[in-house]
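What the coordinates show
Single-letter residue listing:
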Amino acid sequence: MAHQTVLITGCSTGIGLATAVMMAKDARFKVYATMRNLKSKTDLEKAAGDTLNKSLFIRELDVTKEATIKLVADEILKENGRIDVLVNNAGYTETDAIDQLPLEACQAMMDTNFWGAVRTMRAVLPAMKRQTSGRIINVSSVAAVWGVPFSATYTATKFALEGFTESSASVLKRTYNIRMSLVEPGPVKTALISKIRTLSPAEKSKNFDPPLRDEFLKFAGEIAGPMMKTMVSADEVANLILEAIVSENPHLRYQIHEVYKKAAAKKFIDPHTDAQLDMKNFVDMVYK
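Residues numbered from 1 in each chain as written. Predicted model: local features only at pLDDT ≥ 70, side-chain atom pairs only at ≥ 80, totals over all residues. Heavy atoms only, no water.

As recorded in an unreviewed UniProt entry, the chain goes by Retinol dehydrogenase 8-like isoform X1 and comes from Acanthaster planci. Word for word, the UniProt comment on the chain under Sequence similarities (unreviewed entry) is "Belongs to the short-chain dehydrogenases/reductases (SDR) family." (UniProt positions renumbered as here; feature names shortened; annotations may be inferred.)

Encoded structure:
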């Protein structure tokens, strides 16, 4: 049986790395693991082991640069004749107190987290349409279920990704047998989380105006403990991504931790979602 060809973005660390390695070790898949800068490939090469250049191939792909996406998509098609799976994982976050992050930084985050996924989807969809088959997994976040305070732009990028996926999923399924799913992890033990935690809340908010800084420090203190208790490994998220890929009838949304499954249920059962307007209750709404 021929391998299914898989394109994954953002594979230098974390979820992308874990997913690429896990799938490359599965005889069903041939994986093209991509990253923005090949100087960051060392960890992936080590983790790949004997799958490197056999079932796992590392390529440079910057989701903000259409030419690099096309180059990799064209290579996959030339070598394999098809693209079966796309995992849109590339993305990043920054603390953002509504109007404190420069607009240029907000636009750059949207360009990677949302438009980057759209660019990559557009690159693979012509092949998937011809095949009348394909799987697209968009790695989202619990921030797209509950808008996390002080993460306004990151939350917006994930809301945009979810809206695009939700609108497209039924059309692609009915017309071309292409299945789309969203994976919504909470905190994951990755280099991104480690980097975020190196800066203290006080350092992150040093340029906020005083009332906003006080609110941020209070919120950071309240949410840190509950969030850390729900942290999962990158391998656990990779397992969930694989589950969505191989399922005969995949869900539109996947949450990995029971806390976030319950949080999603709370949100979607209330058509008004007015409870979210009271930030004092945010931790209780999500974590209790």
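Moving on from the coordinates now.
What to know about the overall build of the chain
The helix and strand tally for the chain stands at eleven helices and nine strands. Rg of the C-alpha trace for the chain: 19 Å, near the compact-globule value of 19 Å for 288 residues, within the 12% margin. Evaluated residue by residue, the chain yields a buried proportion of 49% over its 288 residues. Intrachain contacts of the chain at a sequence separation of at least 6 include 71% that bridge at least 24 residues. When the 37 positive and 33 negative side-chain charges of the chain are each reduced to one mean point, those points stand 5 Å apart. (Helix = DSSP H or I, 4+ residues; strand = E, 2+ residues; numbered from the N terminus. Rg over C-alpha atoms; globule rule 2.2 N^0.38 Å. Buried < 20%, exposed > 50% of the residue type's maximum accessible area, 1.4 Å probe, protein only. Contact = heavy atoms within 4.5 Å. Lys, Arg positive; Asp, Glu negative; His and termini not counted. Charge placed at Lys NZ, Arg CZ, Asp CG, Glu CD.)

Brief notes about the packing of aromatic side chains
For the coordinates displayed, the defined rule picks out six aromatic pairs. Between phenylalanine 150 and phenylalanine 216, the aromatic rings sit 5.0 Å apart at their centres with planes inclined by 75 degrees, giving edge-to-face as the arrangement. With phenylalanine 150 in the loop between strand E5 (134–139) and helix H5 (152–176) and phenylalanine 216 in helix H8 (residues 210–229), the pair connects residues that are 66 residues apart, well separated along the chain. Taken as a pair, phenylalanine 150 and phenylalanine 216 share a single burial class, namely buried. Between the aromatic rings of phenylalanine 208 and phenylalanine 216, the centroid separation amounts to 5.7 Å while the plane-to-plane angle is 75 degrees, which identifies the pairing as edge-to-face. The same class applies to phenylalanine 208 as to phenylalanine 216, namely buried. (Phe/Tyr/Trp six-rings, centres within 6.5 Å; stacked < 30°, edge-to-face > 60°.)

Structural notes on the environment of arginine 82
Inspection of the secondary structure assignment puts arginine 82 in the loop between helix H3 (66–80) and strand E4 (85–88). Taking relative accessible area as the criterion, arginine 82 reaches 30% and is therefore assigned partly exposed. Look past the residues within four positions of arginine 82 in its chain and what remains in contact with it is Thr5, Ile76, Leu77, Gln131 and Ser133.

Quick word on the nonpolar core
Counting 34 residues, the largest nonpolar core has Val31, Leu44, Leu56 and Ile241 as the members making the most contacts within it. Counting residues per element, the ones that place at least two in this core are strand E1 (4–8), helix H1 (14–24), strand E2 (29–35), helix H2 (42–48), strand E3 (56–60), E4, E5 and helix H9 (234–246). Tallying contributions element by element places H9 first for this core, with eight residues. What leucine 44 contacts, discounting residues up to four positions off in sequence, is Cys11, Leu17, Ala20, Val21, Ala33, Met35, Leu56 and Ile58. Core analysis: the next-biggest nonpolar cluster, separate from the first, contains 24 residues, Ile83, Phe114, Leu125 and Leu161 among them. (Core = buried A, V, L, I, M, F, W, Y, C linked by side-chain atoms within 4.5 Å.)

Looking at the pairing of E2
Burial analysis of E2 places seven of its seven residues in the buried class, which makes it a mostly covered element. A two-sided burial pattern is seen for E2, the buried positions comprising Phe29, Val31, Ala33 and Met35 on one face and Lys30, Tyr32 and Thr34 on the other. With five bridges joining them, E1 and E2 adopt parallel strand pairing. Note that in E2 the partner of glutamine 4 across the bridge is phenylalanine 29. Since E1 and E2 lie parallel, the crossover through H1 that links them has a hand, and here it is right-handed. With five bridges connecting them, E2 and E3 associate as parallel partners. (Pairing = 2+ DSSP bridges. Right-handed = clockwise from strand over helix to strand, strands pointing away.)

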